[in-house]
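# Structural characterization, general
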Amino acid sequence: MDNKPSYLGAFLKHPTNRVALLAAGVLGIFASIPLGWTGLLLVGVMALGIEILAALVVPSLPAFRSAVDLGQHQQARAQRRLMLLTDISNQGDTRALDTYQHMLSRVQALYQTANDKRTTLSRADVDKLEDLTVDYLGLCAVYLSLKQRKDIASEDSVAKRIASIQAQLQNTVLPEDEQRQLRNAMNEYTEVLQRSRRLATRRSAIEATLISLPDKMEEVYQLVMTSPYSSEMGSKLEESLARLRIAEEVASEFDAPQPVNFKPTQATRPVGTAFGRAARQAANTAKT
């Protein structure tokens, strides 16, 4: 889906354009007093011509397009922020909300510093930091979801179920239909186990980012506040922003699970340490 805004629509809805049309209407009314309908028609034709000419030129101006893009970006960010704040509040994570509010207060202070014409800090730089505060909320929401998943799915319990199925598959007198169903269940449980381990790795990566991101944000704040008028502010800030940017692998999905081939005659082959122990215990129990 193309999310690019309509620059022509933005021009037509722009407050300045609306004021110009209103002024043309008022001018037409005054012109109609001495000239009648002729004056009103003359002003209307001139206003229409200017509007058409402006509609052909203004939407293609780089400055106008940048302003429209920035407005759309800020609107989308505000909507995402509201959604994430609602989600995190519903889950009762007040600590994450407090950290976010502290980061946001730093960003607001940096906006005020950027308004000082003597500093090399720009509002565009601070806008990137505000984006990071919303990214922080997004990571908090993902981490809470992964944490709930960890509470629901226990790796040890899944491993015991796999071991139990392997022990049943050692029974050679089972009908073919039951063996097929057991193998299908084995596939499902093994995928659950592999997915749980991938999610655990992802959860650790996100947790590390959530711990380091506020501290790095504080470093940027201290850097700006200690030397707001430094000529090297631009390069230092860009270096800090580069360290602040969240790694793509944190927000991306991990690799898809590899297909698993099962051999019922090797039921005691471990998928992992916990699984191997449970498999051997279940197999010994079945033999006795």
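These figures come from a predicted structure and were not determined experimentally. (Residues numbered from 1 in each chain as written. Predicted model: local features only at pLDDT ≥ 70, side-chain atom pairs only at ≥ 80, totals over all residues. Heavy atoms only, no water.)

### A closer look at the packing of aromatic side chains
What describes a pair of aromatic rings is the distance from one ring centre to the other and the angle between the planes of the rings. Where we set the bar: Here a Phe, Tyr or Trp ring, Trp counted by its six-membered ring, pairs with any other such ring whose centre lies within 6.5 Å, and the pair is stacked when the planes are under 30 degrees apart, edge-to-face when over 60, and tilted otherwise. In our convention, an over-ring charge means Lys NZ or Arg CZ found within 6 Å of a ring centre and within 35 degrees of that ring's normal.
Enumeration over the complete set of coordinates arrives at zero aromatic pairs. Cation over ring: Arg106 sits above Tyr221, and NZ or CZ is 4.0 Å from the ring centre.

### Details of the nonpolar core
So the rule is basically this: Only buried Ala, Val, Leu, Ile, Met, Phe, Trp, Tyr and Cys residues count toward a nonpolar core, and they belong to the same one when joined by side-chain atoms within 4.5 Å. Exposure categories follow from relative accessible area, calculated using a 1.4 Å probe and restricted to protein chains: below 20% of the type maximum is buried, above 50% is exposed, and the middle band is partly exposed. Under the scheme used here, helices are H or I runs from DSSP no shorter than 4 residues and strands are E runs no shorter than 2 residues, and both carry numbers assigned from the N terminus. In this analysis, two residues are considered to be in contact whenever any of their non-hydrogen atoms come within 4.5 Å of each other.
Membership of the largest hydrophobic core comes to 34 residues, with the highest contact counts inside it found for Ile88, Leu110, Leu121, Val126, Leu129, Tyr136 and Leu210. Of all elements in the fold, only helix H4 (62-90), helix H5 (94-114), helix H6 (123-152) and helix H8 (176-226) reach the threshold of two or more residues within this core. Looking at which element gives the most residues to this core, the answer is H6, with 12 residues. Leaving out residues up to four positions away in the same chain, Ile88 has contacts with Asp93, Ala96, Leu97, Leu137, Cys140, Ala141 and Leu144.

### Some details on the packing of H4 against H5
Note the following rule: Angular values range over 0 to 180 degrees, each being the angle between N-to-C directions of two axes fitted as lines to C-alpha atoms, with helices fitted over their stretch in contact. By definition in this entry, angles of less than 35 degrees are roughly parallel, angles greater than 145 are roughly antiparallel, angles of 65 to 115 are roughly perpendicular, and the rest are oblique. Throughout, the ten residues Ala, Val, Leu, Ile, Met, Phe, Trp, Tyr, Cys and Pro are labelled nonpolar, Asp, Glu, Lys and Arg are labelled charged, and all others, Gly among them, are labelled polar.
Contact geometry of H4 with H5 gives a least axis separation of 11 Å together with a crossing angle of 155 degrees. Between H4 and H5, the angle falls in the class roughly antiparallel. Residue-level inspection shows Arg77, Arg81, Leu85, Ile88 and Ser89 of H4 in contact with H5, the latter providing Ala96, Leu97, Tyr100 and Tyr111. Considered class by class, the residues forming the contact of H4 with H5 number six nonpolar, one polar and two charged.

### Notes on the pattern of salt bridges
Quick note on the threshold: Should a side-chain nitrogen of Lys or Arg be within 4 Å of a carboxyl oxygen of Asp or Glu, the pair is scored as a salt bridge.
Summed over the entire model, instances satisfying the criterion amount to nine salt bridges. Linking Arg77 and Glu130 is a salt bridge whose minimum nitrogen-to-oxygen distance equals 3.3 Å. One end of the pair, Arg77, is in helix H4; the other, Glu130, is in helix H6, with 53 residues separating them in the sequence. Each of the two residues, Arg77 as well as Glu130, counts as buried. Between Asp116 and Arg118 there is a salt bridge whose closest N-O contact spans 3.2 Å. A single network of salt bridges, built from pairs that share partners, joins Arg77, Arg81, Asp127, Glu130 and Asp131.

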